[in-house]
Amino acid sequence: EPEVTQTPSHQVTQMGQEVILRCVPISNHLYFYWYRQILGQKVEFLVSFYNNEISEKSEIFDDQFSVERPDGSNFTLKIRSTKLEDSAMYFCASSSGTGGGEQYFGPGTRLTVT
Amino acid sequence: QQQVKQSPQSLIVQKGGISIINCAYENTAFDYFPWYQQFPGKGPALLIAIRPDVSEKKEGRFTISFNKSAKQFSLHIMDSQPGDSATYFCAALDNYGQNFVFGPGTRLSVLP
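All chains use their own residue numbering, which begins from 1 and follows the written sequence. Going through the entries in the order they are written, you letter the chains from A and number the ligands from 1. The predicted nature of this model means local features are confined to residues of pLDDT at least 70 and side-chain atom pairs, given and counted, to a pLDDT of 80 or more, with totals for whole chains, interfaces and linings taken over all residues. As a rule here, side-chain values come from all non-hydrogen atoms in the structure, and water together with hydrogens is ignored.

Colleague: Hey, could you run me through the state of the cysteines in this one?
Modeller: All names here are of chain A. Two cysteine sulfurs form a disulfide in these notes if their separation is within 2.5 Å. Per the stated rule, a full pass over the model turns up two disulfides over all chains. The disulfide partner of Cys23 is Cys92, and the S-S distance across this bridge is 1.9 Å. Taking the torsion about the S-S bond as the criterion, the Cys23 to Cys92 disulfide, at about -60 degrees, is left-handed. Separated by 69 residues along the polypeptide, Cys23 in strand β3 (residues 19–24) and Cys92 in strand β9 (residues 88–95) bring together distant segments of the chain. Throughout this description, buried means an accessible area under 20% of the type-specific maximum (1.4 Å probe, protein chains only), exposed means over 50%, and partly exposed covers the range between. Looking at Cys92, the relative accessible area reads 0%, which means it is buried. The helix count covers DSSP runs of H or I at least four residues long, the strand count covers runs of E at least two residues long, and both are numbered beginning at the N terminus.

Listed below in structure tokens is the structure:
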């Protein structure tokens, strides 16, 4: 069964450093998403991406964040100048369409900023 | 208005019992309501979803009940099993956007 994969599973970085979280969405999906989940809290939407551009983003997704689809398979989230409060699980998701298309989540990357 | 409220925060059920988790929303533009199951250290996994044109959807032991006028929907897990112990999130998606709004989650523990 096709699945969304994410690397690394755990990333430790120092405050102020840049990190890139990587995702490989399901191959025939066209819509890609990043979500964040701070430990013990709810899942929060960050950004959606379609046709090589951001289609929607939340207030959390400020200038510190950027997304990219560098090739036909990867979808990345870059966090510049990380802060302690960026420590969270970051989930990538993909879907085949909008209007409630089922979103499939990856296993997540645990980001720890020290 | 973009919030989805969820209750209870935690739930303990005996094996074989019925687990019921409730969600409520305000935004009438929401038109797709999935439930996600999340095990510790894993990503949310789609469990079952419903659209407002039906009042109930059943898949195996899992049933969503939807009350459009009350803007509420609930997840029922029949014959609950210890393997169902997880955190359950309701979510909602509006017909304009692509982002889910998640409820705060319910931690379910099914005792053997």
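More follows now that the structure is in view.
Colleague: How should unusual backbone geometry be read in this particular structure?
Modeller: In terms of backbone geometry, most residues other than glycine have negative phi values and most peptide bonds are trans. In this structure, Pro8 of chain A follows Thr7 of chain A across a cis peptide bond, with omega equal to -10 degrees. Cis geometry is adopted by the peptide bond preceding Pro8 of chain B, which originates at Ser7 of chain B and carries an omega value of -5 degrees. Structurally, Pro8 of chain B can be placed in the loop between β1 (4–7) and β2 (10–14). Phi at Asn52 of chain A is positive, roughly 65 degrees, even though this residue is not glycine. Note that Asn52 of chain A resides in the loop between β5 (43–50) and β6 (53–57). At Asp79 of chain B, a residue that is not glycine, the phi angle is positive and equals roughly 45 degrees.

Colleague: Which parts of the structure should I look at to understand the nonpolar core?
Modeller: One recurring pattern in soluble globular proteins: nonpolar side chains tend to sit buried together. Here, nonpolar core means buried Ala, Val, Leu, Ile, Met, Phe, Trp, Tyr and Cys residues that are tied together by side-chain atoms lying within 4.5 Å of each other. With 25 residues, the main nonpolar core has Phe33, Trp35, Phe73, Leu75 and Tyr88 of chain B as its most contacted residues. Mapped by element, the contributors of at least two residues to this core are β2, β3 (19–25), β4 (30–38), β5 (45–50), β7 (62–67), β8 (72–77), β9 (86–94) and β11 (106–111) of chain B. Element by element, the count of residues in this core is highest for β9 of chain B, at four residues. Residue contacts are counted whenever heavy atoms from the two residues lie within 4.5 Å of one another. Setting aside chain neighbours within four positions, we find Tyr88 of chain B in contact with Gln6, Ile21, Tyr36, Gln37, Leu47, Leu75, Ile77, Gly105, Thr106 and Leu108 of chain B. In terms of nonpolar packing, the next biggest core, distinct from the first, is built from 21 residues, Ile26, Leu46, Val67 and Ala88 of chain A among them.

These figures come from the coordinates and say nothing about function on their own.
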